[in-house]
Amino acid sequence: MEEVYYFDTVHAIIVHDDIISKSGGLQGIRDLGQLESILMHIQNDLYYPNFEDKLTHLFYAINKGHAFSDGNKRSSIALSSYFMEINGYDFVVRKFISETENIAVDVADNRVDKELLSEIIYSLLYEYDYSDELKLKIIEAKQRQLY
């Protein structure tokens, strides 16, 4: 596996605060330990051996972990995009942002679980378009009722 580059909590907080200042919401960290844990965990190659595994966990954990006071969905997209950029996946960042805007809401609403998110991220990184099977899974996930 090629070397993977990471960023620290200071950078994550700067990105989050920039998002909030541009799009509105509450500034600040709700749980610094949670944020530090997420950024440390993606560096563990035993749990997350591939780049797409690391990216999936980063996106999912920022989205669901609520380390920030507000803007966790937006931050999950922005921090994942930055992680992609610093690791040579900049060619797909625009597509990633566009596709994950709605996916981030579905993850937060428990419609898209981590396994499906992983399939979506893999497809965004390595395939031209979603397979028909994946499209069907996404449609079915979006149609789930929340109770």
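Let us look at the structure shown here. (Residues numbered from 1 in each chain as written. Predicted model: local features only at pLDDT ≥ 70, side-chain atom pairs only at ≥ 80, totals over all residues. Heavy atoms only, no water.)

**What to know about the overall build of the protein chain**
For the protein chain, the count of helices and strands is seven helices and zero strands. On C-alpha atoms alone, the protein chain measures out to a radius of gyration of 15 Å, which is about the 15 Å that the 2.2 N^0.38 rule sets for 147 residues. Summarising the internal contacts of the protein chain: among those between residues at least 6 apart in sequence, 66% fall at separations of at least 24. Accessible area for the protein chain stands at about 8,200 Å²; split by element, carbon and sulfur atoms hold 50% of it. Put simply, the protein chain has 14 plus and 25 minus side-chain charges, and the middle of one group is 6 Å from the middle of the other. (Helix = DSSP H or I, 4+ residues; strand = E, 2+ residues; numbered from the N terminus. Rg over C-alpha atoms; globule rule 2.2 N^0.38 Å. Contact = heavy atoms within 4.5 Å. Areas by Shrake-Rupley, 256 points an atom, 1.4 Å probe, with all protein chains shown as cover. Lys, Arg positive; Asp, Glu negative; His and termini not counted. Charge placed at Lys NZ, Arg CZ, Asp CG, Glu CD.)

**Here we look at the side chain of S80**
Along the chain, S80 falls in helix α4 (residues 72-86). Assessed through its relative accessible area of 0%, S80 is described here as buried. Within polar-contact distance, the side chain of S80 engages the backbone oxygen of S76 at 2.7 Å. Ignoring sequence-local partners within four residues, the contact set of S80 consists of L55, L58, F59, S75 and F96. (Buried < 20%, exposed > 50% of the residue type's maximum accessible area, 1.4 Å probe, protein only. Polar contact = N/O pair within 3.5 Å; in protein donor to acceptor, adjacent residues only side chain to side chain.)

**Digging into the packing of aromatic side chains**
Summed over the entire model, instances satisfying the criterion amount to ten aromatic pairs. Ring plane angle 45° and centroid distance 6.3 Å describe the contact between Y47 and Y48, whose orientation is recorded as tilted. Counting every residue linked through ring pairs, the aromatic cluster contains Y6, F7, F51, Y82, F83, Y89, F91, Y122 and Y126. (Phe/Tyr/Trp six-rings, centres within 6.5 Å; stacked < 30°, edge-to-face > 60°.)

Read these as spatial facts, not as claims about activity.
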